[in-house]
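Okay, here's what each chain looks like letter by letter:
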Amino acid sequence: MTVQIDLAGRTALVTGSTQGIGAAITVGLARAGARVAVNGRTAAGVERAAKALRDEVPGAEVVEVAADVSTDEGTARALDLLPSVDILVNNLGVFGPTAALEISDDEWRRYFEVNVLAGVRLTRAYLPAMMDRGWGRVQYIASDSAVVIPTEMIHYGVSKTALLGVSRGFAKAAAGTGVTVNSVLAGPTHTGGVEDLVADLVGDSLPWEEAQREFMRLHRPQSLLQRLIEPEEIANMVTYLASPLASATTGAAVRVDGGYVDAIVP
């Protein structure tokens, strides 16, 4: 039996998708046939990412949504450009190491505004029409840090913990409508931002493969994979959850963490 994911006729918005995990998700959804909206803060960045997506998936239908959805104004612009979607992937997020006792109130607020409220606003805007149509998919890209709070960035971890509650709550709001709402717990993933984090924590004098191993050994020793996850591996799960094949999965925190979270039950 061949498993075929078909998202033809569906429109998907992936926030923060000009690079990293978000960009990989746009590729996965486009390959499955979805019309995909690339989102970022600047028109130039979105244009570059959209071109890369079209090059990667010839024939893909790509929409460019240049808007900072961490703000009310940017969210309104995104909704003007894309009034309706079938699939919403709330991927936008920021992270960075800061000592716990040095995180300011302004930084706490910024993390919640970007990592939590951006997704809440878009879900609140798009979910009602999905429910009326009887089909939709909402996903939040959370993190293993939601469960295993990292000592070097607790504000990031706590913001991702909040997403688990947000996704569960919206799943209950959409109960019985044919719309599913889930969060994806991404483990330590190989992105440009994580390369910077590795350099901050283990130094930038080591070759990348050695630096990666040292980072995992010192800072993520719980990983059963014992390597960084590639963005495409996260995208595979997101694409599946966006499909009709995942119709019975909702209100869940689905792990793509390389076994990082030390728990038998998700």
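The structure contained in this document is the topic of the report that follows. (Residues numbered from 1 in each chain as written. Predicted model: local features only at pLDDT ≥ 70, side-chain atom pairs only at ≥ 80, totals over all residues. Heavy atoms only, no water.)

**A word on helix α5 (residues 154–173)**
Our working rule: Secondary structure elements follow DSSP: runs of H or I no shorter than four residues count as helices, runs of E no shorter than two count as strands, and numbering proceeds from the N terminus. Multiply 1.5 Å by the residue count of a helix minus one, and that product is the helix's expected span. Exposure categories follow from relative accessible area, calculated using a 1.4 Å probe and restricted to protein chains: below 20% of the type maximum is buried, above 50% is exposed, and the middle band is partly exposed. Residue contacts are counted whenever heavy atoms from the two residues lie within 4.5 Å of one another.
Between the first and last C-alpha of α5 there are 29 Å, a value that for 20 residues agrees with the 28 Å anticipated at 1.5 Å per step. Those residues of α5 lying buried are His155, Tyr156, Gly157, Ser159, Lys160, Leu163, Val166, Ser167, Phe170 and Ala171. Each element contacted by the buried residues of α5 is listed here: α4 (105–133), β5 (136–143) and β6 (179–186).

**Looking at the pattern of salt bridges**
To be explicit about the condition: What makes a salt bridge here is a side-chain nitrogen of Lys or Arg within 4 Å of a carboxyl oxygen of Asp or Glu, nothing more.
For the structure shown, the criterion picks out 13 salt bridges. Among the ionic pairs, Glu61 bridges to Arg35, the shortest N-O distance being 3.3 Å. Of this pair, Glu61 sits in the loop between α2 (43–56) and β3 (62–66) while Arg35 sits in strand β2 (residues 35–40), and the two are 26 residues apart along the sequence. Taking the relative accessible area as the measure of exposure, Arg35 reaches 28% and is therefore partly exposed. Of the charged contacts, one joins Asp257 and Arg255 as a salt bridge, the two residues approaching to 3.2 Å between their closest N and O atoms. A relative accessible area of 5% means that Asp257 is categorised as buried. Each member of the salt-bridge network shares a partner with another, and the members are Asp72, Glu113 and Arg121.

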